[in-house]
Amino acid sequence: AALQPLGNASALAVVAAVAAALNTAPYTEASAAALAAALAAAQDVINNIADRTQVQVDAAITALQDAIGHLVPKVIVEPPNLNQYSAFALSPDLSGDGRGDILAIQESAGALHIWSTTAQGTLSGKKVAVASGLSGQRVFGPGDWNNDKKADVITVDAAGNMWLRAGNGSGGLAAAVQCGRGWSAYRIVPAGDLNGDKFNDLLAIDAAGKLWLYAGNGKGGFLPGRTEVGHGWTSFELYAAGDLNRDGKVDILGVNATGDLYAYLGKGNGQFQAAIYAGRGWGAFTLASGADLNGDGLGDIVGRNDATGDVYFYNGIGTGFGPSKKIATGW
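Every chain is numbered independently, its residues counted from 1 as its sequence is written. Totals for whole chains, interfaces and linings use every residue, but because this is a predicted model, local features are given only for residues with pLDDT of at least 70 and side-chain atom pairs only at 80 or more, for both listing and counting. Remark: hydrogens and water are excluded; side-chain values derive from all non-hydrogen atoms of the structure.

## Things to note about empty space enclosed by the protein
Here the idea is plain: a probe the size of a water molecule rolls over the atoms and shows the empty space left. Method remark: on a 1 Å grid restricted to protein atoms, a set of points is classed as a cavity if a 1.4 Å probe fits but cannot get out and as a pocket if it is open with protein on both sides within 12 Å along at least five of seven lines; lining residues have an atom within 4 Å of a point. Grid points are joined across faces, edges and corners, and a volume is the space filled by probe spheres set on the points. Summed over all chains, the structure comprises 1 cavity of 30 Å³ or more. Surrounding the largest cavity, Asp193, Leu194, Val250, Gly266, Lys267, Gly268, Asn269, Gly270, Gln271 and Phe272 form its lining. Three categories are distinguished: nonpolar for Ala, Val, Leu, Ile, Met, Phe, Trp, Tyr, Cys and Pro, charged for Asp, Glu, Lys and Arg, and polar for the others, with Gly belonging to the last. For the lining of the largest cavity, the class distribution of residues is 3 nonpolar, 5 polar and 2 charged.

The structure is reproduced here in C-alpha cells:
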C-alpha cells in the first residue's frame, strides 16, 4: 500500500528500504533473488511511471507483494555453548526425592545448578540455581558432611579454600562456611565413609601421586592428621563411585591416561582391593559419579563428551556400567 501512488519520493524510499533490509536479512538465496527481481521491476515502473499503464503498475505491485510473501528464512544453527558448565558432581540426594542429583557450575554466571533425576536416570527438568559467585571453583557432593542427615555441597575456590554449604534436605543450601584451606594442589574425591566410622571422608591426590585419606569428623570438618592409602596415582583421575557392588562399602573409580576405566572396591577401612577393568574410551569425557541416580541401589556415572557437549547417563550394574543414555545436550 505504501507504494501507491507510485512515482513519488515515498515509493522510492520504500523500495530502497526493502532492498537494504534484503541485504542483511537471513533469507535463502532463491527467495532473496526472487524478491530482488521484483524490486528491480518495481523500481523500473517507478522510474518510468509516465510510460506505464495501470495494468503494468498493478502487476509490479502484485509481483513485489508475492515475492515478499514467499521469502524463506534461512535455518541458522547456532553452535552449542560447549563446556558452559565448568565443574560437575553428583550428590546422593540434595533435593530430598530419594535419588541422586547432578550438580554443575555454569562458568559464565558462576551459578551452581542442581538437577533432579528420574527412575530412568534422566533429568526431571527441574534445574534450580542454589548458589552464585562460583566461577572458577570446583564443586563436590560429599553427602552428609555435617551429620545432620541431609546432603551437603563442598566447593574449593582458586585460592584453595574449602567451603561447606549445608543442605536443607529439599534442594536449598545454607550460606558458605569455610572448612579448610590449602587444597589448590590436590585432586579431591569425596568418597563417602571410607573408614567405617559412620562419617563421610575425603580422598585427595597430591602432586607426587600419593593418595591421602582425610577422615571427616561429622561436624563439617576433619579429624586431625591424614593417612596415606596409596601412591602412583599421578596419571589417574579418581572419582567417587558410591557402592558399586552392594557390599555396604564405598568404592572409587579411576581413569588412566589412555582413557581406561577401573573400579576399586573398598575394604571398609580406607583401603581398596586390586583394580577391576571396567571399560575404555573415557579420555574424552568429563565424569561425575558417586551417587545412585535411578534408585536401584548401585552407583552410576554421568559423563559429558567435551567435544560435543552431550551428557550421558551410565547405569551401574555391579563393577561395570550399562549402555549410555543421552540425557542432555549443549553442556
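## Structural notes on the sheet that holds strand S2 (residues 101–106)
Only strands that DSSP links by at least two bridges are regarded as paired with each other. To qualify as a helix, a DSSP run of H or I must reach at least 4 residues; to qualify as a strand, a run of E must reach at least 2; elements of each kind are numbered from the N terminus. Within the open sheet, the 4 strands sit side by side as S1-S2-S3-S4. Their pairing is antiparallel. Of all the strands in the sheet, the pair left with one neighbour each is strand S1 (85–91) and strand S4 (123–131). Between one strand and the next, the sheet's axes are offset by a mean angle of 25°, whatever the strand orientation. Pairing analysis gives 5 bridges linking strand S3 (residues 111–117) to S4, with the strands arranged antiparallel. Of the residues in S4, the one forming a bridge with Thr117 is Leu123. Axis definition: a line fitted to C-alpha atoms, over the contacting stretch in the case of helices. Angles run 0 to 180 degrees between N-to-C directions.

## Here we look at the sheet that holds strand S5 (residues 138–143)
Strands pair in a sheet through their backbones, by hydrogen bonds, and they do so in one of two ways: parallel or antiparallel. Taken together, the 4 strands give an open sheet; going across it, the order is S5-S6-S7-S8, and neighbouring strands pair in antiparallel fashion. Sheet topology places S5 and strand S8 (177–180) at the edges, where each strand pairs with a single neighbour. Adjacent strand axes in the sheet meet at a mean angle of 35° when their direction is disregarded. Of the pairings in the sheet, the one linking S5 to strand S6 (residues 152–156) comprises 4 bridges and is antiparallel in character. Its bridge partner being in S6, Arg138 is matched across the sheet by Val156.

## A word on the pattern of salt bridges
Close approach of charged atoms allows side chains with opposite charge to pair. We define a salt bridge as a side-chain nitrogen of Lys or Arg found within 4 Å of a carboxyl oxygen belonging to Asp or Glu. For the coordinates displayed, the defined rule picks out 4 salt bridges. Note that Glu237 and Arg187 form a salt bridge whose closest N and O atoms lie 3.6 Å from each other. Of this pair, Glu237 sits in strand S13 (residues 237–242) while Arg187 sits in strand S9 (residues 187–192), placing them 50 residues apart in sequence. Note that Lys326 and Asp310 form a salt bridge whose closest N and O atoms lie 3.6 Å from each other. Taken together, the residues Lys326 in strand S20 (residues 321–328) and Asp310 in the loop between strand S18 (300–305) and strand S19 (311–316) connect sequence positions 16 residues apart. Summary of the burial criterion: residues with accessible area below 20% of their type's maximum are buried, those above 50% are exposed, and those between are partly exposed, where the area comes from a 1.4 Å probe applied to protein chains only. Relative accessible area serves as the criterion here: at 47%, Lys326 is assigned to the partly exposed category. The exposure class of Asp310 is buried, given its relative accessible area of 13%.

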